[in-house]
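Working through the structure, step by step
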Amino acid sequence: MRFFRQLHPIKAMTFDLDDTLYDNRPIIRQVEQQMVQWLHRTHPISATQPLSWWRDLKLQLAQQDTWLVNDVTLWRFKQIEQGLTQLGYSAAQAQQAAQEAIDKVLSLRSDFTVPQQTHTVMSELAQRLPLVAITNGNVDVEKIGLADYFSLVLKAGPDGYAKPHRQLFDKAQQHLAVTAENILHVGDHLISDVLGAKQSGLQACWFNDQQVDIYRTAKARILPDVEVNHLHQLLQLSAR
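Here's what I pulled together on the structure shown here. Residue numbering note: each chain is counted from 1, following its sequence as written. The model is predicted, so local features are restricted to residues of pLDDT at least 70 and side-chain atom pairs to those at 80 or more, both for listing and for counting; the totals for chains, interfaces and linings are taken over all residues. Hydrogens and waters are ignored; side-chain quantities use all the structure's heavy atoms.

Remarks on the side chain of serine 46
- For serine 46, the position within the fold is in the loop between helix H1 (25-42) and helix H2 (51-64).
- Residue class for serine 46 comes out buried when judged on its relative accessible area of 0%.
- Between N or O atoms, a polar contact is any pair within 3.5 Å; within protein, one atom must be a potential hydrogen donor and the other a potential acceptor, and residues adjacent in sequence are included only when both atoms are from side chains. Here leucine 39 takes part through its backbone oxygen, which lies 3.2 Å from a polar atom of the side chain of serine 46.
- Polar side-chain contacts of serine 46 include one of 2.7 Å to the backbone oxygen of histidine 43.
- Excluding residues that lie within four positions of it along the chain, serine 46 makes contacts with Leu39, His40, Trp54, Leu84 and Leu87. The helix and strand labels rest on DSSP assignments: H or I over at least four residues marks a helix, E over at least two residues marks a strand, and numbering proceeds from the N terminus. Type-normalised accessible area, obtained with a 1.4 Å probe on protein chains alone, sets the label of each residue: buried when under 20%, exposed when over 50%, and partly exposed for intermediate values. Residue contacts are counted whenever heavy atoms from the two residues lie within 4.5 Å of one another.

Thoughts on helix H4 (residues 91-109)
- Taking 1.5 Å of rise per residue, the 19 residues of H4 would be expected to cover 27 Å, and the 26 Å separating its terminal C-alpha atoms lies within 8% of that figure.
- Here H4 has its buried residues at Ala94, Ala97, Ala98, Ala101, Ile102, Val105, Leu108 and Arg109. Angular distribution of buried residues about the axis of H4 spans 145 degrees; they occupy a single face of the element. For H4, the exposed residues lying more than 90 degrees away from the buried face are Ala92 and Gln96.
- Here the buried face of H4 lies against H1 and helix H3 (72-86). Expected span of a helix: the number of residues minus one, times 1.5 Å. Starting at the helix axis, one direction is taken to each C-beta atom, and the arc is that of these directions.

Re the packing of aromatic side chains
- In summary, the pairing rule links any two rings of Phe, Tyr or Trp, Trp by its six-membered ring, whose centres are within 6.5 Å, and it sorts them by plane angle into stacked for under 30 degrees, edge-to-face for over 60 and tilted for everything else. Tallying each qualifying case throughout the model produces 4 aromatic pairs.
- Ring centres 4.9 Å apart and planes at 50 degrees place the aromatic pair tyrosine 22 and phenylalanine 112 in the tilted group. Highlighted residues: tyrosine 22 in the loop between strand S2 (12-15) and H1 and phenylalanine 112 in the loop between H4 and helix H5 (116-128), separated in sequence by 90 residues.
- What makes phenylalanine 112 buried here is its relative accessible area of 16%.
- Here tryptophan 53 and tryptophan 54 contribute two aromatic rings whose centre-to-centre distance is 5.1 Å and whose plane-to-plane angle is 90 degrees, an arrangement assigned as edge-to-face.

A few points about the nonpolar core
- Nonpolar cores are built from buried Ala, Val, Leu, Ile, Met, Phe, Trp, Tyr and Cys residues. Side-chain atoms within 4.5 Å join them into one set. Grouped together as the largest cluster of nonpolar side chains are 53 residues, with contacts concentrated most on Phe15, Tyr22 and Phe150.
- Ile134, Val178, Ala197 and Leu202 belong to the second largest nonpolar core, which has 20 residues in total.

Some points on the pattern of salt bridges
- Salt bridges are defined by distance alone: a side-chain nitrogen of Lys or Arg within 4 Å of a carboxyl oxygen of Asp or Glu. Counted according to the given criterion, the structure contains 13 salt bridges.
- Between arginine 25 and aspartate 19 there is a salt bridge; the shortest N-O distance is 3.8 Å.
- For arginine 25, a relative accessible area of 31% translates into the label partly exposed.
- Across the salt bridge formed by aspartate 193 and lysine 163, the nearest N and O atoms sit 2.8 Å from each other. With a gap of 30 residues between them, aspartate 193 in helix H7 (residues 190-199) and lysine 163 in the loop between strand S4 (152-155) and helix H6 (167-176) connect regions that are remote in the sequence. Exposure class is identical for aspartate 193 and lysine 163. Each is buried.
- If you follow the salt bridges from partner to partner, you end up with Arg5, Lys198 and Asp225 in one network.

With respect to the pairing of S2
- The side-chain alternation of S2 yields two buried faces, one formed by Ala12 and Thr14 and the other by Met13 and Phe15.
- In this description, strands pair whenever DSSP reports at least two bridges between them. One ladder, built from 4 bridges, connects S2 with strand S5 (residues 183-187); its direction is parallel. Bridge pairing in S5 places threonine 14 opposite histidine 185.
- Pairing of S2 with strand S3 (residues 131-135), which is carried by 3 bridges, proceeds in the parallel orientation. Bridged to methionine 13 within S3 is leucine 131.

Digging into the sheet that holds strand S6 (residues 203-207)
- Reading across the sheet, the 7 strands line up as S1-S7-S6-S5-S2-S3-S4 and stay open at both edges, with mixed pairing between neighbours. With partners counted over all chains shown, the strands left at the sheet margins are strand S1 (2-3) and S4, one partner each.
- One ladder, built from 2 bridges, connects S1 with strand S7 (residues 226-228); its direction is antiparallel. Note on S7: the bridge partner recorded for phenylalanine 3 is valine 226.
- Those strands touched by H7 are S5 and S6, and its axis lies near 165 degrees from that of S6. Angles shown run from 0 to 180 degrees and are taken between the N-to-C directions of axes, each axis being a line fitted to C-alpha atoms and, for helices, limited to the stretch in contact.

What follows is the structure, given as structure tokens:
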């Protein structure tokens, strides 16, 4: 644990989910592989274009509609819908296929087991402080067993602009009814989480389990208030 500023008393915490409460990287890699296989098997016409074509299409859609980067589920839906339309599907066929694909993605996306250490820490924290989740992703907290720890789960897209925009942080603060400087946001991303929290008036805890040197990474925009390398260190902070 490393402190960069003196902390104000912590009366509530907000949490990022992906890569903070569990390692999301292998999950996403597996989902992407399984989705490509599913799409090619279920809609063979999709395999007539390389993956680079699908990636370029996704970027083009975001340029046409900048809101899409705030809603990863809608963005994927539009990618599949537009791609299949360009490959010859009718509008109705493409829409139905895209919805089936999203249902598949969401099922695969939340099909993993959260580490027991996370449950142990979150269970203890939830007894001490009110907790809110703020995520740019689309994991189902009910399915992965984390829902009971949070009084509110905010998702980019359905609930507002993606972090680091302050909208979700502000909504969390209003829900908690705690002064922003007494809320500690915990997250792994130096821009989405640390910069977003600090710009919203919250204290920021950087979860760094990848041995990244904050002074040597281009992603750093502002120092967090505190850096932790293991979730159990949050129990020490909450006791302060």
